[in-house]
Amino acid sequence: MKPKSPKSIELYQIMLKRGYPEGFCDEITKNLNTDWTAQRMIGYLSHYKKLPMEEIVDEMLAILSDRNRIMQKHEMEEVNEKWNMFLSEGFDEE
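Below is a summary of the structure that appears in this document. (Residues numbered from 1 in each chain as written. Predicted model: local features only at pLDDT ≥ 70, side-chain atom pairs only at ≥ 80, totals over all residues. Heavy atoms only, no water.)

**Remarks on the overall build of the protein chain**
A count of helical and extended segments in the protein chain gives four helices and zero strands. Scanning the protein chain from its N terminus toward the C terminus, one meets helices and strands in the order α-α-α-α. For 94 residues, the compact-globule estimate of 2.2 N^0.38 gives 12 Å, and the protein chain exceeds it by more than 25% at 19 Å. Counting over 94 residues, the protein chain shows a buried share of 27%. For the protein chain, the share of sequence-separated contacts (at least 6 apart) that also reach a separation of at least 24 residues comes to 67%. Counting every atom, the protein chain has about 6,900 Å² of accessible surface; 56% of that belongs to carbon and sulfur. Here the protein chain holds 13 positive side-chain charges and 18 negative ones, and the gap between their average locations is 12 Å. (Helix = DSSP H or I, 4+ residues; strand = E, 2+ residues; numbered from the N terminus. Rg over C-alpha atoms; globule rule 2.2 N^0.38 Å. Buried < 20%, exposed > 50% of the residue type's maximum accessible area, 1.4 Å probe, protein only. Contact = heavy atoms within 4.5 Å. Areas by Shrake-Rupley, 256 points an atom, 1.4 Å probe, with all protein chains shown as cover. Lys, Arg positive; Asp, Glu negative; His and termini not counted. Charge placed at Lys NZ, Arg CZ, Asp CG, Glu CD.)

Have a look at this one:
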């Protein structure tokens, strides 16, 4: 697993200050280990004083699902671009 990003470390500190167990904070930030995913969770938490841990886990899963959907979309766009190039140019026969 890749190291935690600066935003992920910030999320960890926010969660600790709100009284969540250290192990729980660590698991959440291991999964939300990029600036983009951690910032999404920080934004979510900013609307609430204290949430049940189950709701934080649920939001983490939603964020990861969004990230995966975006990554798949980008992959499909690349494949589509290559397919369109193939259709317009055909085989590269030299």
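That was the structure; now back to the text.
**Here's the deal with the nonpolar core**
The biggest cluster of nonpolar side chains holds 18 residues, and the ones touching the most others in it are Leu 11, Met 15, Ile 28, Leu 32, Met 41, Leu 45 and Ile 56. Elements supplying a minimum of two residues to this core: helix H1 (6-17), helix H2 (22-31), helix H3 (35-45) and helix H4 (53-89). Apart from the residues lying within four places of it in its own chain, the contact partners of Ile 56 are Met 15, Tyr 20, Phe 24, Ile 28, Met 41, Leu 45 and Leu 51. (Core = buried A, V, L, I, M, F, W, Y, C linked by side-chain atoms within 4.5 Å.)

**Considering the packing of aromatic side chains**
Summed over all chains, the structure comprises three aromatic pairs. Aromatic side chains Tyr 44 and Tyr 48 sit 5.3 Å apart centroid to centroid with 55° between the ring planes, which places their arrangement in the tilted category. A residue is classified by how much of its surface remains accessible, and Tyr 48, at 38% relative accessible area, is partly exposed. Above the ring of Tyr 20, the side-chain terminus of Lys 50 is found at 4.0 Å from the ring centroid. (Phe/Tyr/Trp six-rings, centres within 6.5 Å; stacked < 30°, edge-to-face > 60°. Lys NZ or Arg CZ within 6 Å of the ring centre and 35° of its normal.)

**Considerations on the pattern of salt bridges**
According to the stated counting rule, one finds seven salt bridges in the structure shown. Measuring nitrogen to oxygen at the nearest pair gives 2.7 Å for the salt bridge that ties Lys 4 to Asp 26. Highlighted residues: Lys 4 in the segment before H1 and Asp 26 in helix H2, separated in sequence by 22 residues. Taking the relative accessible area as the measure of exposure, Lys 4 reaches 28% and is therefore partly exposed. (Salt bridge = Lys/Arg side-chain N within 4 Å of Asp/Glu carboxyl O.)

**Here we look at a nonpolar patch on the surface**
Nonpolar side chains collect at one region of the surface, where Trp 83, Phe 86, Leu 87 and Phe 91 lie side by side and expose about 460 Å² of accessible area between them. Relative to the helices and strands, Phe 86 is located in helix H4. (Patch = residues over 30% accessible without salt bridge, like charges linked within 9 Å, V, L, I, M, F, W, Y side chains within 5 Å.)

**Focus: the side chain of Glu 59**
The topology assignment puts Glu 59 in helix H4. One buried charged residue, Glu 59, forms no salt bridge at all, with the nearest opposite charge on Arg 40 at 4.6 Å. What Glu 59 contacts, discounting residues up to four positions off in sequence, is Met 41 and Tyr 44.

Limitation: the analysis is restricted to geometry and does not speak to function.
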